[in-house]
Amino acid sequence: MRFLKIFVIVQILFYSESSFAQKSSLPIHWHHSNSDQGYFGVNTNQAYEYISNQKLSLKPVVVAVIDGDLDTNHEDLKSNLWVYTKPNKHYPEAVNGWNFLGTSNNTHITKVGTEAFREYKRLRPKYENTKISDWKKKQDIAEFNYFLQVKKDAKIQGYLNFFPIIKLTYEAFRLTDSTIKAQNLDGSALSIKDLANLKSDATTQEYIEAARRSSFRYAETTKWNDLYAFQVQEYQTAVKRIESLDDQSNPRYTIGDNIKSLGDKYYGNAVLVDSNSFHGTFVGGLIAADRHNEIGINGIADNAKLMGIRAVPDGDEFDKDIALSIRFAVDYGANIINMSFGKYYSPNSKWVTDAIKYAMRKNVIVVQAAGNDNKNLDTINSYPIKPAKIEKTKNSYLRIGASTSEGTKASFSNYGSKEVDFFAPGEKVTSTSTFDQYKTANGTSFSAPIVSGVAALVWGVYPELKAYEVVEILKRSAAKNHVAGLQNYAVTPGIVDAYQALLIAYEYVKK
């Protein structure tokens, strides 16, 4: 789902100790507040006052961030990283985590397609240009119907239908550019508005007019060279996509493992930073940005140690990578796993579900983002899915929706009175970005780590609690922080509350 379609609002390009440059009207730490302070945050500030007044200590809690990157050199994160120092022949140099999207020569995979597109390509050789009456076996009929659905959801037919228009548009731009060059005009100075004055023979003139009409999305002052370069790139991308329909390869396959086997699990490398992404770094900052260095932002959990696991590319994640990432996190000591990703097709979903079961059996909390398509998850399948059979008293899985500073459901957030557990801030939140930068962004991707941070804080104060008990405490804290604007959108229509969670946890351990 491409990191659940996050929406960046403003990139903070510089920071100094005396000023924090941003354009959002909200305070950068609004999500730490409570409604009495004017913002529907998670009440982190009062939680820390309580910890201080009660002279409570915090034990380290390891939080695995399964995502697209983690900038381990970031000024606001490097002091709060999980560090593994034992020799490891299977995952060499896995000091701060592991990259399941890496190759043996320390490169990594960044862009892949959606799962619907991958499934369409897999089934295309068998089912394209056939009809349901061509198939007699129940299995083939079911698979044919599945093929039609993935083709629809991948928007293949619309793309094929639209491609001739893309090609004609490109031809109009190409002939216009040739005319500009033939007349010795400067394309870097010529604007869209100036195309009205460009004259040629009647046939070419029609193409020039077509190019001008196709430029309505751009300001009239846009320079021709910039516009033409974009048009060329758009056309080349379309051509590659059409050509790729019969190409079963995927950038992910260059890793060299057997993608169909969980047994082939020792692959990847230790490179966690991806210059094309900031998502995992942003997630990590919300959980554990340094609260004492007087720079940047404050994370939720002073005691959290971040384990970076790179398994989410730009495009839909691969089930194998996710399943092994969860098991890696559990086996190497993670107490909490944050999963800010998801998709609507999962051909090997059982691998992932079994891994989640494994985590819960090993006393690990799994926190998942609900997704950003404003869909009711009670009525559709969204992956990963929680195990169908979880003992109610042992459930350590959470799915989180995004709320606003006003205490309403964020317009983009998925929801579900059965499938979404509760909410946390996810609109206009500020956190760390790669290379010592900071950004403000929207997404349930960022609600989940706020919950992971609260879980780490509570578990750090009361390490004797079990994973399922911490989860129950968080649910009860959200119930105490009930918000009318969230009614019918979650099992518990409220926002997690760190302070209330600590009070409830105290009652647990007193028993």
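Labelled according to an unreviewed UniProt entry, the chain appears under the name S8 family serine peptidase, originating from Sphingobacterium litopenaei.

Caption draft 1: Local environment of the overall build of the chain. Scanning the chain from terminus to terminus reveals 13 helices and 12 strands. A compact globule built from 511 residues would reach a C-alpha radius of gyration of about 24 Å, and the chain, at 25 Å, matches this within 12%. Seen along its three principal axes, the alpha-carbon backbone of the chain occupies a region of about 90 × 65 × 50 Å. Looking at the 511 residues of the chain, the share that counts as buried comes to 54%. A separation of at least 24 residues holds for 76% of the contacts in the chain among residues at least 6 apart in sequence. Of the roughly 22,800 Å² of accessible surface on the chain, a fraction of 49% belongs to carbon and sulfur atoms.

Caption draft 2: Structural detail: helix 13 (residues 498–510). A rise of 1.5 Å per residue sets the reference length of helix 13, with its 13 residues, at 18 Å; its end C-alpha atoms lie 19 Å apart and thus fit the reference within 8%. Buried residues of helix 13: Ala498, Tyr499, Ala501, Leu502, Ile504, Ala505 and Tyr508, and no others. Regarding helix 13, its N-cap is Asp497, as a side-chain oxygen of that residue lies 3.0 Å from the backbone nitrogen of Tyr499 further along.

Caption draft 3: Broad picture of unusual backbone geometry. Look at the link from Tyr383 to Pro384: it is a cis peptide, with omega at 0°. Tracing the sequence through the fold places Pro384 in the loop between strand 8 (365–369) and strand 9 (397–403). In this structure, Lys55 takes a positive phi of about 55° despite not being glycine. Mapped onto the fold, Lys55 is located in the loop between helix 2 (44–53) and strand 4 (61–67). We note that Asp436 has phi near 60°; this positive angle belongs to a residue other than glycine. Residue placement: Asp436 occurs in the loop between strand 11 (429–433) and strand 12 (437–442). For Asp436, a relative accessible area of 36% corresponds to the partly exposed category.

Caption draft 4: Quick look at the UniProt feature "active site" (unreviewed entry) in the chain. According to UniProt, the "active site" (unreviewed entry) feature falls on Asp67, His279 and Ser445. Across 379 residues, the annotated set stays spatially compact, with a maximum C-alpha separation of 9.8 Å. You can see Asp67 is positioned in strand 4. For Asp67, a relative accessible area of 0% puts it in the buried group. Here Ser445 shows up in helix 11 (residues 444–461).

Caption draft 5: How the structure looks around the sheet that holds strand 8. Ordered by their spatial adjacency, seven strands build an open sheet running 5-6-4-7-8-9-10, and the pairing between neighbours is parallel. This sheet does not close on itself; its edge strands, each paired only once, are strand 5 (97–99) and strand 10 (422–425). On average, each strand axis in the sheet is inclined to that of its neighbour by 25°, with strand direction left out of account. Pairing geometry for strand 8 and strand 9, over four bridges, is parallel. Note that in strand 9 the partner of Val367 across the bridge is Leu398. Lying on the sheet, helix 9 (residues 319–331) is in contact with strand 4, strand 5, strand 6 (304–310) and strand 7 (336–339); it crosses strand 6 at an angle near 150°.

Rules and cut-offs
Residues numbered from 1 in each chain as written. Predicted model: local features only at pLDDT ≥ 70, side-chain atom pairs only at ≥ 80, totals over all residues. Heavy atoms only, no water. Helix = DSSP H or I, 4+ residues; strand = E, 2+ residues; numbered from the N terminus. Rg over C-alpha atoms; globule rule 2.2 N^0.38 Å. Buried < 20%, exposed > 50% of the residue type's maximum accessible area, 1.4 Å probe, protein only. Contact = heavy atoms within 4.5 Å. Areas by Shrake-Rupley, 256 points an atom, 1.4 Å probe, with all protein chains shown as cover. Expected span 1.5 Å × (residues − 1). Polar contact = N/O pair within 3.5 Å; in protein donor to acceptor, adjacent residues only side chain to side chain. UniProt positions renumbered as here; feature names shortened; annotations may be inferred. Pairing = 2+ DSSP bridges. Axes fitted to C-alpha atoms, helices over the stretch in contact; angles between N-to-C directions.

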